[in-house]
Each structure stands twice: as C-alpha cells, then as structure tokens.
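Coordinate analysis (summary)
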Amino acid sequence: MEKPEFFSDPLHMNMDGSREFSVALANELVKLLGRGSRGRGEMLFNTFPFFVFLVTVLTLFYLVPRALRKYVLLAASYLLLHDWNPRLGARCSLG
C-alpha cells in the first residue's frame, strides 16, 4: 500500500488508493475469518430466510418478559453469526 500514486498528499488517499485499500482489507479479513457459509463472505439482509429470522426474533422479543429480552437478542446474534461463518460463530459462543 505504500505506493505514492495512491495518495493525494502524505496523509490522504485518492480514489484509486482508497479502492485498493478496501480490496486489500477485505482480502485480509477473508484470510483471517474465512468465507461465509454461502462462500461469498457476506450476509444478505434482503433475502427471505433473513426476513423469516427477523420476524421470529422480533416475535420472541416481544413475547418474553422484559428481563429476558436481552438473552433473546444474544441468542439471535449468535445464530446469525453462526449462519454467516460457522467457525467464527462456534468460537464466539464457546468463549
């Protein structure tokens, strides 16, 4: 990333530098965390399975007593993380 043509001045990247940095950062994160269960390393919030998940979580959230709502959200976040990246989800849930 230390290419002078990617910087507009010593502290700020230009558009090409910013784009190159974003791609390099994404590649490093994929190496570190692995790809998602769908093989693309991304979560899609505009799909029907996510809509069903969201409706289920919100229904449970409002049905349980107020004191237990944070545990519903915690369990839901672990399920969503595990669906995105099973290896990372298992690591987070096991401690």
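Up top is the structure these notes are about.
Small disclaimer: the values here were computed from a predicted structure and weren't measured.

1. Considering the packing of aromatic side chains
- What the rule picks out here adds up to 3 aromatic pairs.
- Both rings, one in Phe50 and one in Phe53, keep their centres 6.2 Å apart while their planes meet at 35°; by these two values the pair is tilted. Here Phe50 pairs with Phe53, and both are found in helix α2 (residues 48-63), just 3 residues apart, close to one helical turn.
- Overall, Phe50 belongs to the buried group, its relative accessible area being 17%.
- Of the residues examined, Phe53 reaches a relative accessible area of 22% and is grouped as partly exposed.
- With centroids separated by 5.0 Å and ring planes inclined at 85°, the aromatic side chains of Phe61 and Tyr62 adopt a geometry described as edge-to-face.
- We classify Phe61 as buried; its relative accessible area is 17%.
- On the basis of relative accessibility, which here comes to 57%, the residue Tyr62 falls in the exposed class.
- In this arrangement the basic side chain of Arg69 is found over the ring face of Phe61, its NZ or CZ atom lying 5.0 Å from the centre.

How each quantity is defined
Residues numbered from 1 in each chain as written. Predicted model: local features only at pLDDT ≥ 70, side-chain atom pairs only at ≥ 80, totals over all residues. Heavy atoms only, no water. Phe/Tyr/Trp six-rings, centres within 6.5 Å; stacked < 30°, edge-to-face > 60°. Helix = DSSP H or I, 4+ residues; strand = E, 2+ residues; numbered from the N terminus. Buried < 20%, exposed > 50% of the residue type's maximum accessible area, 1.4 Å probe, protein only. Lys NZ or Arg CZ within 6 Å of the ring centre and 35° of its normal.

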